[in-house]
Amino acid sequence: MFSFIKRFRFEVLLLLAFTIIFCFALWLLRFAFTGSLLYIFLNWNLFLAILPCYFSSYIVTHQGTINRYTFFLLAITWLLFFPNSPYILTDLFHLHERGGMPKWFDLIMILSYAWAGLLFGFISLFQMESILMTKIKPKLAKGVIIALLFASGFGVYLGRFLRWNSWDVLSNPFALGADIGDRFIHPFSHGRTWGVTLLMGTLLTFIYFSVQVLKRSIKKS
């Protein structure tokens, strides 16, 4: 955990900390007013969204000391958990009129958790990109990052619509593999699969390049 903390500047840690506190405070406020544990899953989903950032921070901090096999294992683990970051966007599906709190409050709460998930996810993505840049050509690294974003879109589909989790790769690999394989073997029978994958991947790619353009424009100003 210390390697995760020392990886960031103080203002970044402050931003991440206040983002988490704000999200949890909204949920606690809802719980205090309603007495309902509804939406408690948002806290678990945010925890899963933070894990990729932890793994990427560990890799960046220890890349000079870990061997290639450990690096490969950590990178695969990061990839398996990375879709959990944008996944929280789909928790908007749960937005309905609920007793005790107005719909606008629940909207702000879910959006706050979704933003927190994206924040941790893209921090981890930029860390992995910095590692790729040291191993392959920059243009190829960009291509790999875009491919990972579309793979993440596919992961979001698996989680939201087929209810698979990251750890099912180990706990139920054959059933998971069968579901994935069927969608590649019979792509035209799974329009929703590829619709979600392509559109979510495109959205994440837009966010990625938007941040990159903003970073460059701020440096030039």
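Reading the values: rules and limits
Residues numbered from 1 in each chain as written. Predicted model: local features only at pLDDT ≥ 70, side-chain atom pairs only at ≥ 80, totals over all residues. Heavy atoms only, no water. Helix = DSSP H or I, 4+ residues; strand = E, 2+ residues; numbered from the N terminus. Rg over C-alpha atoms; globule rule 2.2 N^0.38 Å. Buried < 20%, exposed > 50% of the residue type's maximum accessible area, 1.4 Å probe, protein only. Contact = heavy atoms within 4.5 Å. Areas by Shrake-Rupley, 256 points an atom, 1.4 Å probe, with all protein chains shown as cover. Patch = residues over 30% accessible without salt bridge, like charges linked within 9 Å, V, L, I, M, F, W, Y side chains within 5 Å. Salt bridge = Lys/Arg side-chain N within 4 Å of Asp/Glu carboxyl O. Core = buried A, V, L, I, M, F, W, Y, C linked by side-chain atoms within 4.5 Å. pLDDT = per-residue confidence, 0-100. Axes fitted to C-alpha atoms, helices over the stretch in contact; angles between N-to-C directions. Left-handed = near helix turned anticlockwise from the far one by under 90°. Nonpolar A, V, L, I, M, F, W, Y, C, P; charged D, E, K, R; others polar. Polar contact = N/O pair within 3.5 Å; in protein donor to acceptor, adjacent residues only side chain to side chain.

*Asks:* Break down the overall build of the protein chain for me, citing the residues and quoting the values.
*Replies:* Looking only at helices and strands, the protein chain features 10 helices and zero strands. Along the protein chain, helices (α) and strands (β) appear in the sequence α-α-α-α-α-α-α-α-α-α when read from the amino end. Its C-alpha atoms give the protein chain a radius of gyration of 18 Å, within 12% of the compact-globule value 17 Å for 221 residues. Principal axes of the C-alpha set define a box for the protein chain whose edges measure 55 × 50 × 35 Å. Expressed as a percentage of its 221 residues, the buried residues of the protein chain come to 40%. A sequence separation of at least 24 residues applies to 77% of the contacts in the protein chain between residues at least 6 apart. Total accessible area on the protein chain stands at roughly 12500 Å², and carbon and sulfur atoms take up 73% of it.

*Asks:* Got a sec to walk through a nonpolar patch on the surface? Specific residues and values, please.
*Replies:* Taken together, the side chains of Phe72, Ile76, Leu79, Leu80, Val169 and Leu170 define a hydrophobic patch exposed on the protein surface, amounting to about 540 Å² of accessible area. Put simply, the parts of the chain that give the nonpolar patch at least two residues each are helix H4 (68-81) and helix H8 (168-171). At four residues, H4 tops the list of elements feeding residues into the nonpolar patch. As for its position among the elements, Val169 is in helix H8.

*Asks:* Which residues make up the side chain of Thr193, and what are the values?
*Replies:* Residue position: Thr193 is located in helix H10 (residues 191-220). Those residues in contact with Thr193, other than ones at most four positions away along the chain, are Phe154, Tyr157 and Arg183.

*Asks:* So what's going on with the nonpolar core? Which residues, and what values?
*Replies:* Formed by 25 residues in total, the largest nonpolar core has its most connected members in Trp78, Phe122, Leu125, Leu149 and Tyr208. Mapped onto this core, the elements with two or more residues apiece are helix H3 (41-62), H4, helix H6 (103-133), helix H7 (138-160) and H10. A per-element tally of this core places H6 first, with six residues. With residues up to four places along the chain from it excluded, the contact list for Tyr208 reads Phe122, Leu125, Phe126, Glu129, Lys142, Ile145 and Leu149.

*Asks:* Describe the confidence of the model for the protein chain, listing the residues and the values that go with them.
*Replies:* Low pLDDT means the predicted coordinates in that region are not meant to be read closely. Of all residues in the protein chain, 94% attain a pLDDT of 70 or more, and the chain-wide mean is 90. Within the protein chain, the lowest mean pLDDT, 51, falls on helix H1 (residues 2-6), and the highest, 96, falls on helix H5 (residues 84-87).

*Asks:* If you had to explain unusual backbone geometry to someone new, which residues and values would you point to?
*Replies:* The backbone of Tyr39 shows a phi angle near 75°, a positive value even though the residue is not glycine. Tracing the backbone through its elements, the reader meets Tyr39 in the loop between helix H2 (10-34) and H3. When its relative accessible area of 1% is taken as the criterion, Tyr39 is described as buried.

*Asks:* For the packing of H4 against H6, give the residues involved together with the corresponding values.
*Replies:* Interhelical geometry of H4 versus H6 gives an angle of 145° and a closest axis separation of 12 Å. You can see that H4 and H6 cross each other, and the crossing is left-handed. The segment H4 lies against H6, with Phe71, Ala75 and Trp78 engaging Ser124, Leu125, Met128 and Ile131. Across the contact of H4 with H6, the residue classes break down as six nonpolar, one polar and no charged.

*Asks:* Talk me through the side chain of Thr77; I want residue IDs and the actual numbers.
*Replies:* Residue position: Thr77 is located in helix H4. Classification of Thr77 by relative accessible area gives buried; the value is 19%. Here Leu73 takes part through its backbone oxygen, which lies 2.8 Å from a polar atom of the side chain of Thr77.

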